[in-house]
Amino acid sequence: MNKKISTFTYKAGRNISSVEKEYNIKNVIKLASNENPIGPSPNAIRNANKKINELNRYPDSDSLTLKLQLVKKFKKKSLTIDNLIVGNGSNEILDFAARAYLSSDSEVIFAKHSFLVYRIVANIMNAKIIETSPIKLKSKQYLGTDLSAILEKINKKTRLIFIANPNNPTGTILDIEEIDSFMKNISKKIIVVLDEAYAEYAEYQKKYSGLSILEKYPNLIVTRTFSKIYALAGLRVGYGIGSKKIIKTLNYYRHPFNVNTFAQLLAAECLKDKKYISKSLKDNAAGMNYIKNEFDKLGIDYLGTYGNFLTFKLGSRAINIYNKLLANGIIVRPLDNYDLKDYLRITVGKDNENRRFISTLKKLLKNNKNDL
């Protein structure tokens, strides 16, 4: 049987070197991909480098050292290494879930304006995609995930539900009580993946993670990544947490040696550096407040703020401003691929980067008043 191949692809943010070449400029700053601008923990790099001469050996296929460090981090009696799976980025865990639970006879549900990888992994399995309407009421959750809309779309063919919390690119979040209530109302045969790539930023703002209800629901998977707060985006390492049964199932789809040695080592070491995490969170909060305050002064609307990025509305001028920011050496993210063509997304950068962005944006808005 011929398998239908989707033409839908993920459009990554522009990289610095390509923008420098295209515009023949230097000192380009990237505020597009929600990376931690301060880089990985120096202590983690120093400790991981001690084993650099062992890279001639294959990595530990079970990522045991990293799993043990994760168990130590979460300090939950019910959490053992058998509840963990490590992937080449949390994207790989999403892919495992799709391969394990979806087929051409099944349906997957996720909200509009959710992470694009959900659509990609569902398309690979030829599953029917049900995309639900977001929250339309003007509030802190505007354009975020509407759980009641998801509930309405569940039927006998529903096998998998993806929920990003906080959501990318809207930055909105669902309180854990809402998720708990949602889980109570769906069949245990339906697997729910709670994608918590930005969980550390949300927890800093006193929002609880799905880990607090994981024991109650054997059909719940929580995924996390080291690409955001831990600044290891270039190494691609993430993990999933779930029941032993689910993790065993996901492991059937995992290739041996799927996570490289250095990624495992650095990730394990990063978990130990609490001072680094504290600094990253404080820097992000300060940068976020600065950008929000400047947007308020400019009368620019923005969406939820529970990650390390802000999605802001410029209307029909969005793509024009995006291109002019590029020409000025500032990379942000257009969101037409998310059906949010009136919005741009900016990652919170270093203080000087945030100020350069705001200063440049002000000039562009002033110079283009007649067009905006």
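The rules behind these values
- What you see as residue numbers is a count from 1 along each chain, following the sequence as written.
- Only residues with pLDDT of at least 70 get local features here, since the model is predicted, and only at 80 or more are side-chain atom pairs given and counted; chain-wide, interface and lining totals rely on the full set of residues.
- Computation of side-chain values: all heavy atoms of the structure, hydrogens and water removed.
- Two aromatic rings from Phe, Tyr or Trp, using only the six-membered ring of Trp, form a pair when their centres are within 6.5 Å; if the ring planes differ by under 30 degrees the pair is stacked, by over 60 it is edge-to-face, and anything between is tilted.
- Secondary structure follows DSSP: runs of H or I at least 4 residues long count as helices, runs of E at least 2 residues long count as strands, and numbering of each begins at the N terminus.
- Only protein chains enter the area calculation, which uses a 1.4 Å probe; residues under 20% of their type maximum are buried, those over 50% are exposed, and those in between are partly exposed.
- Definition used: whenever NZ (Lys) or CZ (Arg) falls within 6 Å of the ring centre and also within 35 degrees of the ring normal, the charge is taken to sit over that ring.
- When checking whether two residues touch, look at their non-hydrogen atoms; a contact exists if any pair is within 4.5 Å.
- Without a salt bridge and with relative accessible area above 30%, a residue can belong to a patch; like charges are then joined within 9 Å and nonpolar side chains (Val, Leu, Ile, Met, Phe, Trp, Tyr) within 5 Å.
- Where accessible areas are quoted, they stem from the Shrake-Rupley method and a 1.4 Å probe; at the residue level, only the protein chains shown are allowed to cover.
- The salt bridge definition used is simple: a Lys or Arg side-chain nitrogen within 4 Å of an Asp or Glu carboxyl oxygen.
- The charge count treats Lys and Arg as positive and Asp and Glu as negative. His and the chain ends do not count.
- One atom stands in for each charge, and that atom is NZ of Lys, CZ of Arg, CG of Asp or CD of Glu.

> Honestly, the packing of aromatic side chains in this entry has me stumped. Any pointers?
Ring pairs (aromatic) are described by centroid distance and by the angle formed between their planes. Summed over all chains, the structure comprises twelve aromatic pairs. Aromatic side chains Y198 and F309 sit 5.1 Å apart centroid to centroid with 70° between the ring planes, which places their arrangement in the edge-to-face category. Residue Y198 is found in the loop between β6 (191-195) and α8 (199-204), and its partner F309 is found in strand β9 (residues 309-313); the two are separated by 111 residues along the sequence. Across this residue pair, the class does not change: Y198 and F309 are buried. With a centroid separation of 6.3 Å and an interplanar angle of 75°, the aromatic rings of F295 and F357 are classed as edge-to-face. Note that F295 is positioned in helix α11 (residues 274-298) and F357 in helix α13 (residues 351-367), a separation of 62 residues in sequence. In this pair, the class of F295 matches that of F357, namely buried. One aromatic cluster is present, formed by F74, F226, Y230 and Y239 through successive ring pairs. Here the basic side chain of R345 rests over the ring of F309, its NZ or CZ set 5.7 Å away from the ring centre.

> I keep staring at the side chain of S114 and nothing clicks. Help me out?
The residue S114 is located in the loop between β3 (107-111) and α5 (117-124) in this model. Setting aside anything within four residues of it in sequence, one finds S114 in contact with N167, N168 and Y338.

> Explanation requested: a positive patch on the surface in the structure shown.
Together, K72, K73, K75 and K274 make up a positively charged patch on the protein surface. As for its position among the elements, K274 is in helix α11.

> So what exactly am I meant to see when it comes to unusual backbone geometry here?
With the exception of glycine, the majority of residues adopt a negative phi angle, and the majority of peptide bonds are in the trans configuration. Here N165 and P166 are connected by a cis peptide whose omega angle stands at 0°. Within the secondary structure, P166 sits in the loop between β5 (158-164) and α7 (176-184). Looking along the chain, the bond that leaves N168 and enters P169 is cis, with omega of 20°. Locating P169 in the fold gives a position in the loop between β5 and α7. In this model, N34 sits at a positive phi of 60°, which is unusual for a non-glycine residue. The class of N34 is buried, set by a relative accessible area of 1%. Positive phi outside glycine occurs at K75, with the angle close to 50°. You can see K75 is positioned in the loop between α3 (64-74) and β2 (84-87). A residue is classified by how much of its surface remains accessible, and K75, at 68% relative accessible area, is exposed.

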